[in-house]
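# Chains, contacts and geometry: an overview
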Amino acid sequence: MRPRLRLSSRLRNGSRSRLRASAPRTSTRLGRRAALRILGGAVIGGASAGAMTVGCSGEDDVDVGELRLATGPAGAVYRRIGGGLAGLIADRFPDATVTTVPSRASTDNIRMLSRGDADLGLSSLDAVIGPDGRPPDGIAALCRLYDSYLHLVVLRDTPVWSVADLDGMRVSYGARNSGTEFTTHRLVDLAGVRVDAVRLDQAESAEALDSGDIHAAFSLTGIPTPAISELAAEREIRFVAMEEQAGALADAFPGPYIPATIPATVYEGVRATPTVAVPNVLLARSDLDDDVVRAVTETVFTRAGELTTDRPDAPAVPQAWQINVRTGISTGSIPLHPGAREWFRAQKR
């Protein structure tokens, strides 16, 4: 009997741990130590002691205190890139405690921000825009980060060749309150398909596909995403084309949906597949201090390149290559936080 897929501990780890940088920093205030508390996510610490300290619009010190960054589930890019950004922020503010809070992703993160349970959070653009085209009260954008691609994953011999073929099938919609669930609901409703929907995060969806517990899985995520990469390395999989659905989403909900293609070079043995892409944004509570937001925004755009290579405590995050000032200001109908707006304006001077 074929052994069941076992995802790596980096994808499945849900434990809580605390990590403190142990080496003193060579900065203007000697002996400062960054505290980075990781709750259930990929453990990614700050940069090395010799890393450059990024200034904040001429201010050397910003009193941050504690920042909580809502990320995503096991096996998701949100978990990795959120942990990476938290490490960069912790390095920028050595006296602060920066906490990553694992979640079900977009919708869950928005709710945590609205409740005051997080200060920063990741979300897909479509999930944060309400029926009136605006985000919930009390939430603003720091920036656009990278684009997610909607994957519809099946094992190679599964008789699903189109979204219409999902009729009557058991399908994962992603974790409850995730961006995957939000976008998949819209897509399936527009397609008029009736499925047996289950809610599984990305790591759980990969395991369920491998064991035959589900026929297909949707996943709105950056490329490559860890759970799908590991599944592709163990099993023959393919993606179902969604070119028609991309057009339908863009027509029905103008703004956040972009026709796109998952390249053939991303996943082992998987052909290029047309689909839909959705930008991801970094959100903040509107009442978060302007100086803190300005400094965080600057840190994201001047340090994100450090995440594109392997670090001692975490693998590279390829999606960080997409983070740049030119596209970063494009947050759709979500207003920029005043602190972020000040930083972007300063780049044009």
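The notes below deal with the structure included here.

Take the environment of Cys143 next. By the element assignment, Cys143 lies in strand β6 (residues 139-155). Along the backbone, Cys143 and Asn324 are 181 residues apart, and their C-alpha atoms lie at a distance of 9.6 Å. When neighbours within four sequence positions are excluded, Cys143 is seen to be in contact with Asn280, Val281, Leu282, Val300, Phe301, Gly328, Thr331 and Phe344.

What follows deals with the packing of aromatic side chains. Going through the model one piece at a time under the given rule, you end up with six aromatic pairs. Look at Tyr173 and Phe218: their rings are 6.4 Å apart centre to centre, the planes differ by 85°, and that puts the pair in the edge-to-face class. In this pair, Tyr173 is assigned in the loop between β7 (170-172) and α5 (179-191) and Phe218 in strand β9 (residues 216-221), connecting sequence segments 45 residues apart. Across the pair, exposure class does not vary: Tyr173 and Phe218 are buried alike. Ring centres of Phe253 and Tyr257 lie 6.4 Å apart, and the angle between their planes is 65°; on these two criteria the pair is classed as edge-to-face. On the accessibility criterion, Tyr257 (5% relative accessible area) is buried. Members of the aromatic cluster, joined through ring pairs, are Phe301, Trp343 and Phe344.

We now examine the pairing of β6. Across the 17 residues of β6, 17 count as buried, placing the element largely inside the fold. Bridge count between β6 and strand β12 (residues 273-285): eight bridges; the pairing is antiparallel. Following the sheet pairing, Cys143 is matched in β12 by Leu282. Strand direction decides the pairing type here: β6 and β9, joined by five bridges, are antiparallel. Each bridged residue has a counterpart across the sheet, and for Leu150 the counterpart in β9 is Leu220.

Applying the stated criterion to the full structure yields 14 salt bridges. Taking the shortest distance from any N to any O, the salt bridge between Asp196 and Arg170 comes out at 3.0 Å. Of this pair, Asp196 sits in strand β8 (residues 196-198) while Arg170 sits in strand β7, placing them 26 residues apart in sequence. Since its relative accessible area comes to 34%, Arg170 is described here as partly exposed. What you see here is one network of salt bridges that share partners, running through Arg68, Asp119, Arg285 and Asp287.

Core analysis: the biggest nonpolar cluster contains 77 residues, and Leu120, Leu145, Leu166, Phe218, Leu283, Val296 and Val300 have the highest contact counts within it. If one sorts the elements of this core by residue count, β6 sits on top with nine residues. In this view, Leu283 contacts Ile110, Leu113, Asp119, Leu120, Gly121, Ser123, Val128, Ile139, Ala140, Ala141, Leu142 and Ile334; residues no more than four positions away in its chain are not counted. Ala206, Ala217, Leu231 and Ala260 belong to the second largest nonpolar core, which has 22 residues in total.

Outside of glycine, negative phi angles account for most residues, and trans bonds account for most peptide bonds. Along the chain, Ile223 connects to Pro224 via a cis peptide bond; the corresponding omega equals -5°. When you line up the elements, Pro224 lands in the loop between β9 and α7 (226-234). Unusually for a residue other than glycine, Ala105 sits at a positive phi of about 100°. Tracing the sequence through the fold places Ala105 in the loop between β4 (97-101) and α3 (106-115). With a relative accessible area of 8%, Ala105 lands in the buried category. Located in the positive-phi region is Asn177, a residue other than glycine, with phi close to 70°. Within the secondary structure layout, Asn177 lies in the loop between β7 and α5.

What counts as what
Residues numbered from 1 in each chain as written. Predicted model: local features only at pLDDT ≥ 70, side-chain atom pairs only at ≥ 80, totals over all residues. Heavy atoms only, no water. Helix = DSSP H or I, 4+ residues; strand = E, 2+ residues; numbered from the N terminus. Contact = heavy atoms within 4.5 Å. Phe/Tyr/Trp six-rings, centres within 6.5 Å; stacked < 30°, edge-to-face > 60°. Buried < 20%, exposed > 50% of the residue type's maximum accessible area, 1.4 Å probe, protein only. Pairing = 2+ DSSP bridges. Salt bridge = Lys/Arg side-chain N within 4 Å of Asp/Glu carboxyl O. Core = buried A, V, L, I, M, F, W, Y, C linked by side-chain atoms within 4.5 Å.

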